[in-house]
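Reading the structure
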Amino acid sequence: MSSIATTGLVPEAEATVNRGSDWTLSIFGAMAALVVLLALAPAVLDGGTMRLMIELLLYLSLAQMWNLLAGYAGLVSVGQQAFVGVGGYMLFALAANAGLHPLVALIGSGFAGAIAAAIIGAFLFRLRGPHFAIGTWVMAEICLLTVAVMPGLGGGSGFSLPVAVVRELGTDRAWRDSLIYWLALGLAVVSVAGSYAVMRSRFGLALLAVRDSERAAESLGVDSGRIKFIVYVGTAAMTALVGGMIFLIKLRMTPDAAFSVLDWTAYVIFIVIIGGVGRIEGPLLGTLIFFGLRSLLADLGSVYLIVLGCVAVAAMIWAPNGLWGLIAARTGLELFPLQHRYQRGIGAPHSSLNKEAHSMQDAAGKTISKLISDDMAGSIYLGRFEPAKGGTVPVTEKATGEKLFVAGNANAADVAEAAKVAKAAQAAWGALPPTARGDVLRKFAAMCEAHMPEVSDWIIRETGSIPPKAPFEIMTTVREAIEVAGLTGQPVGHILSSSLPRTSYARRVPIGVVGVITPWNSPFILAARVVLPALAMGNSVVLKPDIQTPVCGGYALARLFELAGLPAGVLCVVPGGPLTGEALTLDPNIHMVSFTGSTLVGRRVAENGGKTLKKVALELGGNNAAIIFEDADIEKATSATAFGSFFHQGQICFTLGRHLVHESIAEAYGRRLSERAMGLHVGDPAAQQVHLGPIINEKQAARVETLVRDAVEKGATITAGGARDGLFYKPTVMVNVTTDMPLYKEEIFGPVAPITTFKTEAEAIALANDTAYGLASSIFTRDQGRAMRVARQLRTGIVHINDQTVNHEVFGPIGGMGASGNGARSGGPSALDEYTQWQWITVHDEVPAYPF
Amino acid sequence: MTLLVDILLQGLLLGGLFALYAAGLALVFGVMRIVNLAHGDFIVLAAFGALAVVQSVPMHPFLTLLIVAPVMAAAGYGLQAGLLNRFVGTDTMAPLLVTFGISIIVQNVLLQIFSGDTRKLQGGGLETASISYGDSAIGVYPLLVFTVAVLVILALQYIFFKTPIGHVLRATADDPATARLMGVSTGHVYAVASAIAFAVIAIVGVLMAVRTNFDPTTGPARLLVAFEVVIIGGLGSFWGAMVGGVILGIAQSIGARIDPSYQVLAGHAVFLAVLLLRPDGLFPRVAHR
């Protein structure tokens with residue numbers, strides 16, 4: 001693994017190339033032409049079509065504002081009718097009661113909306129999330145009721161605009177219609193272009209940051225409350241302007257019509273959802289679809305609304321990014337390109353995952369069959385693929401959220417059956433000559449190499465790993481297989497001394513059925529490194545890969561062993577979640593459980609193993625420290641430790657979670673590490689060259705964010721990163737991290753490098769040992785004597801001197817102390833001890849005499 | 001003096017109904033962290049359900065609960081398991097917009113089936129009976145509703161704190177990930193919580209149908225009342241809903257004495273005051289961890 005760090009296997013990231021400016025210019029040229037054409041339309045359109053166009057343009061403005069509010073600022077409002085109504089009433093009051101020109105009154109509408117929003121916001125910004133939404137509705141109701149008791153505004157029965165006021169706009173009706181049409185067109189252009197301009201500005205970037213992660217944005221100095229308030233007031237002003245326009249056309253208003261939740265909010269929300277939330281193109285497309293549907297179905301009355309509601313609910317379920325989201329995902333088309341910090345999900349599908357291709361060519365051009373095919377969907381593997389009784393679970397590409405495959409979700413019955421099958425197959429497998437077992441393992445190694453491109457693809461997409469890590473995982477597995485195959489020929493026991501005239505010997509025998517539970521971070525190698533030695537020693541295996549990564553962690557291994565000629569039933573695969581694991585750890589036909597994963601779940605596994613008297617081998621989390629002494633080479637050390645903390649997004653049990661740096665070099669070290677962190681690129685590893693891919697799921701990403709946030713609150717400082725875009729977390733460096741912070745005490749499992757300083761060697765050792773975990777540690781110094789002295793005093797299963805902690809090699813006994821494991825080791829000759837048990841046999845020629 | 005006592009008493013009894021409006025909303029939010037914008041429409045749906053039963057087999061409206069409550073509970077289970085579970089724990093926007101869509105669908109389906117006419121169920125004289133004390137009188141029906149509200153809240157309190165499913169519900173609400181590790185099927189638990197909430201919705205729907213007029217579009221008003229009650233009472237306990245309901249009831253009853261058109265507005269004013277002075281409500285949620 002350390003070779004990756006030094007040989008530059010990690011690609012230099014290329015700058016993300018947006019579409020050329022030619023493309024953008026031609027799109028904008030076309031739009032400008034469209035606007036000019038629309039502006040000329042009154043010359044040819046009749047009155048009815050004009051009024052429809054006006055309504056369409058006004059709805060477009062309303063939708064664009066709601067989109068800015070909810071899609072970008074995350075303020076889901078169901079009370080925008082408050083501002084439509086306030087705008088309308090202000091227009092009537094200023095034009096009819098105060099005698100102003102209607103166009104001047106219209107400006108007053110906008111101001112009224114802003115003032116109303118400032119007052120309403122003062123109340124509602126105390127509420128969070130869903131409560132804010134429903135609060136907006138209450139506020140709209142309060143506006144309605146208030147207007148209804150104001151006799152000056154017509155009270156509950158309504159208010160008409162005198163004809164004289166309307167005449168001020170022009171005496172000719174057609175001219176008035178044209179004027180209003182141009183106003184509506186102007187508002188629509190302003191709202192679309194304005195939204196776009198806002199989103200391209202620094203303010204827009206801050207707004208996106210707040211939407212993605214309010215906490216991270218605030219850590220970076222963005223005042224999210226203020227930003228949201230500005231958006232709320234701004235969109236309200238625009239909404240009120242549109243409201244003024246609406247009632248300037250209708251000429252009559254009642255409180256119920258002015259503050260109608262259906263007309264001014266529900267329709268608008270439907271438009272945005274159907275078109276696509278959080279995209280400027282969404283409301284454009286949505287408005288066209290909405291008016292299209294309306295012209296088709298409007299005669300049906302309430303049936304139309306039922307259809308509309310169903311379409312919107314369906315869109316939220318199956319197309320949460322709306323129709324435009326679907327179009328953009330298919331074509332990559334963006335009418336309004338924003339400078340995304342990360343481009344996601346637009347990369348071309350990788351060839352070998354192409355559903356049509358059932359076979360592919362290896363490097364020599366020979367056609368080989370594909371490992372994974374659709375007919376394995378929803379299955380468990382019991383020597384052949386069978387449907388899981390426990391149902392199915394979709395497997396997603398972590399970077400894009402796109403569905404890759406459907407896995408079987410094994411239930412307790414599936415596990416029990418697998419254990420029975422494995423138990424039945426074990427006797428014959430264990431009785432095979434060792435050379436026969438070794439042959440299968442060597443053939444497996446060959447199969448891994450032959451299918452490397454396909455397995456790599458799955459590893460990259462299913463786990464979010466960067467491309468160089470996948471072949472590394474596979475090649476390590478290949479070496480492991482060859483090495484372990486050699487162990488099958490090792491001596492299988494001892495001839496023992498005996499004080500009696502007998503032959504006394506001890507021989508190793510298989511344990512029986514080994515249950516293997518593996519995690520999602522490096523599912524292929526972490527399963528292989530247990531399954532291979534267990535099989536080599538004559539055991540059969542029931543493998544439970546994590547349900548988030550069942551293909552490379554389970555199905556692929558099953559297929560490779562099948563091709564290697566492993567007898568049916570010796571390896572069973574039951575993908576599943578916690579309930580599956582629970583069943584496996586309690587199954588009476590399973591004799592040993594090997595678990596790789598979190599300490600929390602490890603305790604549960606050990607508890608169940610205790611109940612059912614299984615041998616339990618645990619390889620758990622770590623909170624690994626690097627000690628950087630004052631004489632270390634900062635340039636080289638930071639290169640190594642950056643890799644240790646950020647490789648695979650820090651989601652490795654060996655990940656370097658604590659940087660203990662001598663106070664005399666701490667500042668220089670922190671600065672160099674931060675520079676390195678800021679130079680790393682984050683994104684979809686299948687679509688572009690990046691150093692870091694996505695965090696496995698939202699929960700983990702949120703956890704990392706919480707730990708960082710909490711440390712900042714307790715006094716630590718972020719010097720690099722600290723922000724995330726969905727699952728993409730930027731490599732983060734933090735200084736002034738103290739031992740009382742959870743960031744220091746807990747396993748982070750994210751790309752965060754916390755720096756803590758020490759003064760003396762004794763203090764450094766004490767700090768490094770100040771954790772319940774004890775997996776790996778590392779020491780950077782030019783003084784080898786000191787390094788060895790310190791290493792002997794560290795309570796970890798692994799110590800690397802002048803290297804970082806993420807190291808895996810076939811020959812080393814790998815495992816942890818303390819909360820990192822229960823003494824289990826994997827790698828090399830440890831397989832003999834881990835996966836066999838002793839049998840003592842004595843042989844007398846004659847039965848000895850006894851005094852009974 | 002008598003006037004004051006009278007106003008307070010009316011408000012108190014009205015608060016019982018409001019607390020019932022809020023109980024289901026509070027339960028769903030407490031366990032799933034979802035605000036169901038169709039909550040009010042489901043109350044009206046239950047009322048129409050009772051109406052449909054009474055129209056086909058004449059019986060006392062309260063007896064319809066034997067049919068309406070299980071049907072609503074089943075609907076609640078199905079809605080949660082089939083649709084809303086996929087949104088639990090995601091961002092706040094999706095569940096809001098989906099339930100908002102459901103609200104529009106429910107209103108218009110009711111409109112299509114029952115037309116927009118205003119309806120009311122006949123409680124067999126129960127709703128006009130009154131008990132007099134001194135110079136004034138209190139209605140038997142509001143007293144009954146208040147009693148039911150107290151009983152429902154006691155029952156919810158019992159379910160949540162004294163029964164095995166209650167323990168599972170609270171555990172899942174506090175930490176769904178750990179609950180799953182302990183073998184809890186959280187999807188099922190959410191659906192059960194939803195079923196309980198819908199059973200309460202059925203009860204309040206029928207009680208409302210006898211007390212006041214309703215039509216397919218009156219759901220949102222119920223939702224807003226329920227929401228104000230929850231915010232005033234805080235998210236601490238079901239008793240918070242009771243207290244919030246009573247405060248809102250008393251505010252409305254005072255407003256109505258000043259001028260009938262101020263009744264609802266006075267309730268909103270109290271809501272705004274609480275929002276300004278105690279944004280976490282009067283009984284804020286206490287962290288369990």
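Please read these numbers as outputs of a predicted model, since none were measured by experiment.

Time to look at the overall build of chain A. Along its length, chain A carries 31 helices and 27 strands. Counting the 852 residues in chain A, one finds 57% classified as buried. Restricting the contact set of chain A to residue pairs at least 6 apart, pairs at least 24 apart contribute 74%. Counting only carbon and sulfur atoms, one obtains 60% of the accessible surface of chain A, whose full area is about 33,300 Å².

Within chain B one finds eleven helices and two strands. Out of the 289 residues in chain B, the part that is buried amounts to 54%. Of all intrachain contacts in chain B linking residues separated by at least 6 positions in sequence, the fraction that spans at least 24 positions is 76%. For chain B, the accessible surface area stands at approximately 11,400 Å², while carbon and sulfur atoms represent 68% of it.

Next up on the list: the side chain of Asn807 of chain A. Relative to the assigned elements, Asn807 of chain A resides in the loop between strand 25 (798-801) and strand 26 (817-818). A polar contact is formed between the side chain of Asn807 of chain A and the side chain of Asp803 of chain A, at a distance of 3.3 Å.

The next thing to look at is the nonpolar core. Ranked by internal contacts, the top residues of the largest apolar core, which has 214 residues, are Tyr232 of chain A together with Tyr21, Phe42 and Ile102 of chain B. Core analysis: the second largest hydrophobic core is formed by 62 residues, Ala445, Val530, Ala534 and Cys552 of chain A among them.

Residues and elements named next belong to chain A. The final tally for this structure, using the stated rule, is 28 salt bridges over all chains. One salt bridge in this structure joins Glu397 and Arg461, with 3.4 Å as the shortest N-O distance. Taken as a pair, Glu397 in the loop between strand 7 (392-396) and strand 8 (403-408) and Arg461 in helix 19 (residues 452-463) lie far apart in primary sequence, 64 residues in all. Neither residue differs from the other here; Glu397 and Arg461 are each classed as buried. The salt bridge involving Asp833 is made with Arg508; its shortest N-O contact spans 3.3 Å. In this pair, Asp833 is assigned in helix 31 (residues 830-834) and Arg508 in strand 10 (residues 503-510), connecting sequence segments 325 residues apart.

This part covers the pairing of strand 9 (residues 493-496) of chain A. Here strand 9 of chain A pairs with strand 10 of chain A via four bridges, running antiparallel. Bridge pairing in strand 10 of chain A links His494 of chain A to Ala506 of chain A.

Moving on, we get to the confidence of the model for chain B. Within chain B, residue pLDDT values average 88, and 97% of them lie at 70 or more. For this predicted complex, the interface confidence reaches an ipTM of 0.91, while the overall pTM sits at 0.57.

Here the focus is the packing of aromatic side chains. Tallied over the entire structure, the rule returns 32 aromatic pairs over all chains. If you follow Arg786 of chain A out to its NZ or CZ, it ends over the ring of Phe629 of chain A, 4.0 Å from the centre. Above the face of the Phe29 of chain B ring, Arg33 of chain B is positioned so that its terminal group lies 5.5 Å from the ring centre.

All names here are of chain A. With respect to the helices and strands, the residue Ala677 is situated in helix 26 (residues 666-678). Ala677 gets classed as buried once you look at its relative accessible area, which sits at 3%. With 31 residues separating them in the primary sequence, Ala677 and Phe646 have C-alpha atoms 8.3 Å apart. In this structure, Ala677 is in contact with Phe646, Ala720, Pro731 and Val733, ignoring residues within four places of it in sequence.

With that settled, consider the side chain of Thr756 of chain A. Examined against the element boundaries, Thr756 of chain A turns out to sit in strand 22 (residues 752-758). Ignoring any residue separated from it by four or fewer positions in sequence, one finds Thr756 of chain A in contact with His659, Leu660, Val661, Val737 and Tyr744 of chain A.

The next thing to look at is the interface of chain A and chain B. Accessible area lost on assembly of the parts is the figure often given for the size of an interface. Contacts between the two partners involve 45 residues from chain A, matched on the other side by 43 residues from chain B. Roughly 4,000 Å² of surface becomes buried between chain A and chain B when both sides are summed, with 86% attributable to carbon and sulfur atoms. Our count for the chain A to chain B interface comes out at zero salt bridges. Viewed at the interface, chain B and chain A are joined by one residue pair in polar contact (both at pLDDT 80 or more). Sorting elements by how many residues they give to the side of chain A that touches chain B places helix 6 (residues 129-148) of chain A first, with 13 residues. Across the side of chain A that touches chain B, the residue classes tally to 34 nonpolar, seven polar and four charged.

As a further point, take the sheet that holds strand 25 of chain A. Residue and element names in this part refer to chain A. Spatially, the seven strands line up as an open sheet ordered 18-21-22-17-16-24-25, and their pairing is mixed. Only two strands of the sheet have a single partner each, and these edge strands are strand 18 (717-720) and strand 25. The mean inter-strand angle of the sheet, taken between neighbouring strand axes irrespective of direction, is 25 degrees. Pairing of strand 18 with strand 21 (residues 732-735), which is carried by three bridges, proceeds in the antiparallel orientation. When the bridges of strand 21 are listed, Ala720 appears paired with Val733. Its contacts with the sheet put helix 25 (residues 634-646) on strand 16 (624-628), strand 17 (656-662), strand 21, strand 22 and strand 24 (776-780), and the angle it makes with strand 17 is roughly 155 degrees. Across the face of the sheet, helix 30 (residues 784-793) comes into contact with strand 16, strand 24 and strand 25 while running at roughly 170 degrees to strand 25.

Residues and elements named next belong to chain B. At their nearest, the axes of helix 1 (residues 2-32) and helix 5 (residues 140-162) sit 7 Å apart, and the two run at 25 degrees to each other. Relative to helix 5, the element helix 1 lies roughly parallel. For the pair helix 1 and helix 5, the crossing hand works out as left-handed. Of the residues in helix 5, those touching helix 1 at Leu12, Leu13, Gly16, Leu17, Ala19, Leu20, Ala23, Leu27 and Val31 are Pro142, Leu143, Val145, Phe146, Val148, Ala149, Val152, Ile153, Leu156 and Phe160.

Residue and element names in this part refer to chain B. Two numbers describe how helix 9 (residues 219-233) lies on helix 10 (residues 238-258): the axes approach to 7 Å, and their chain directions differ by 115 degrees. Accordingly, the angle class assigned to the pair helix 9 and helix 10 is roughly perpendicular. You can see that helix 9 and helix 10 cross each other, and the crossing is right-handed. Residue-level contacts link Val225, Glu228, Val229, Ile232 and Gly233 of helix 9 to Gly240, Ala241, Gly244, Gly245, Ile247 and Leu248 of helix 10. The residue inventory of the contact of helix 9 with helix 10, partitioned by class, reads six nonpolar, four polar and one charged.

Another point: the sheet that holds strand 10 of chain A. Residue and element names in this part refer to chain A. Sheet architecture is open: three strands sit in the order 9-10-27, paired in antiparallel fashion. The sheet terminates laterally at strand 9 and strand 27 (836-843), the two strands that pair on one side only. In this sheet, neighbouring strand axes are inclined to one another by 20 degrees on average, regardless of whether the strands run parallel or antiparallel.

So, on to helix 5 of chain B. Residue and element names in this part refer to chain B. Between its first and last C-alpha, helix 5 extends 32 Å over 23 residues, near the 33 Å set by a 1.5 Å rise per residue. Those residues of helix 5 not exposed but buried are Tyr141, Pro142, Val145, Phe146, Ala149, Val152, Ile153, Leu156 and Phe160. On its buried face, helix 5 sits against helix 1, strand 2 (136-139), helix 6 (164-174), helix 8 (186-211) and helix 10.

To continue, consider unusual backbone geometry. Residue and element names in this part refer to chain A. A positive phi is found at Leu251, a non-glycine position, where the angle reads about 70 degrees. Structurally, Leu251 can be placed in the loop between helix 11 (224-250) and strand 2 (252-253). Located in the positive-phi region is Asn736, a residue other than glycine, with phi close to 60 degrees. Along the polypeptide, Asn736 turns up in the loop between strand 21 and helix 28 (742-745).

What counts, and at which threshold
- Residues numbered from 1 in each chain as written.
- Chains lettered and ligands numbered in written order.
- Predicted model: local features only at pLDDT ≥ 70, side-chain atom pairs only at ≥ 80, totals over all residues.
- Heavy atoms only, no water.
- Helix = DSSP H or I, 4+ residues; strand = E, 2+ residues; numbered from the N terminus.
- Buried < 20%, exposed > 50% of the residue type's maximum accessible area, 1.4 Å probe, protein only.
- Contact = heavy atoms within 4.5 Å.
- Areas by Shrake-Rupley, 256 points an atom, 1.4 Å probe, with all protein chains shown as cover.
- Polar contact = N/O pair within 3.5 Å; in protein donor to acceptor, adjacent residues only side chain to side chain.
- Core = buried A, V, L, I, M, F, W, Y, C linked by side-chain atoms within 4.5 Å.
- Salt bridge = Lys/Arg side-chain N within 4 Å of Asp/Glu carboxyl O.
- Pairing = 2+ DSSP bridges.
- pLDDT = per-residue confidence, 0-100.
- Phe/Tyr/Trp six-rings, centres within 6.5 Å; stacked < 30°, edge-to-face > 60°.
- Lys NZ or Arg CZ within 6 Å of the ring centre and 35° of its normal.
- Buried area = accessible area lost by both parts, 1.4 Å probe.
- Nonpolar A, V, L, I, M, F, W, Y, C, P; charged D, E, K, R; others polar.
- Axes fitted to C-alpha atoms, helices over the stretch in contact; angles between N-to-C directions.
- Parallel < 35°, antiparallel > 145°, perpendicular 65-115°, else oblique.
- Left-handed = near helix turned anticlockwise from the far one by under 90°.
- Expected span 1.5 Å × (residues − 1).

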